[in-house]
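Chains, contacts and geometry: an overview
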Amino acid sequence: MNVADLLVEGFSRVQGTVHAAVDKLTAGQLGTRPDDEANSIAWLVWHLSRVQDDHVADVAGTEQVWTGQDWLSRFGLPFPAGDTGYGHRPADVEAVRVDEPDLLTGYYDAVHEQTVRFVAGLGEQDLDRIVDEAWDPPVSLGVRLISVLDDDIQHAGQAMYLRGLLERQSS
């Protein structure tokens, strides 16, 4: 297995978890928060998709799917185009309302497709390219991609946990 195959496998596992977390849920279930300070499944999946879209587009030198494929207007959220959810307060989390799970999975799938198209062409030497000099030490492409993957895995797992809570409450 080469580095590109490994990255595709990692991001594909996130895609499977995203679908498992949201498929067939109602708008109410997608927006449910265990308490006023917690995130909803809708927010978690929207956020992990936005972070992946933002970060991968940046290192790939491409336009974000969010704006390039007009997911921004499809979601109709009250945030600026560049918002990824970092620093959101409870009221912002509450504002992420989704009527259909297909909106979340559709956006994630479009981001996933762009991500896979980029990482599938990477070789080991590409991972050493410095993509962010604002940190000490500077961040390489490999570190940035693992950071995105780690963030995605954590939030997808949180969404699955919330789904489990919802399913136990309804049975």
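Above this text is the structure in question.
One structure accompanies this document, and this report is about it. Keep in mind that this is a model prediction, so the values were computed, not measured. (Residues numbered from 1 in each chain as written. Predicted model: local features only at pLDDT ≥ 70, side-chain atom pairs only at ≥ 80, totals over all residues. Heavy atoms only, no water.)

1. So, the overall build of the protein chain
Each helix and strand in the protein chain was counted, giving eight helices and two strands. Along the protein chain, helices and strands appear, N-terminal first, in the series α-α-α-α-α-α-α-β-β-α. Its C-alpha atoms give the protein chain a radius of gyration of 16 Å, within 12% of the compact-globule value 16 Å for 171 residues. Projecting the C-alpha coordinates of the protein chain onto the three principal axes gives extents of approximately 50 × 35 × 30 Å. By residue count, 47% of the 171 residues in the protein chain fall in the buried class. For the protein chain, contacts bridging at least 24 residues in sequence account for 72% of all contacts bridging at least 6. Per element, the accessible surface of the protein chain, about 8,700 Å² overall, is 50% carbon and sulfur. With 12 positive and 29 negative side-chain charges, the protein chain shows a spacing of 5 Å between the two charge centroids. (Helix = DSSP H or I, 4+ residues; strand = E, 2+ residues; numbered from the N terminus. Rg over C-alpha atoms; globule rule 2.2 N^0.38 Å. Buried < 20%, exposed > 50% of the residue type's maximum accessible area, 1.4 Å probe, protein only. Contact = heavy atoms within 4.5 Å. Areas by Shrake-Rupley, 256 points an atom, 1.4 Å probe, with all protein chains shown as cover. Lys, Arg positive; Asp, Glu negative; His and termini not counted. Charge placed at Lys NZ, Arg CZ, Asp CG, Glu CD.)

2. Some details on the pattern of salt bridges
As enumerated under the stated definition, the model contains seven salt bridges in all. For the salt bridge of R33 with E94, the shortest nitrogen-to-oxygen distance reads 2.8 Å. Remark: E94 occurs in helix α6 (residues 90-95) and R33 occurs in the loop between α2 (27-31) and α3 (41-60); sequence separation between them is 61 residues. Given the relative accessible area of 16%, R33 is considered buried. One continuous salt-bridge network, built from bridges that share partners, spans R33, E94 and R97. (Salt bridge = Lys/Arg side-chain N within 4 Å of Asp/Glu carboxyl O.)

3. With respect to the environment of R144
Along the chain, R144 falls in helix α8 (residues 141-170). The exposure class of R144 is buried, given its relative accessible area of 12%. Taking C-alpha positions, R144 is 8.6 Å from V56, a pair spaced 88 residues apart along the chain. Other than its neighbours up to four places away in sequence, R144 contacts H55, D58, V59, V131, D132, W135 and V139.

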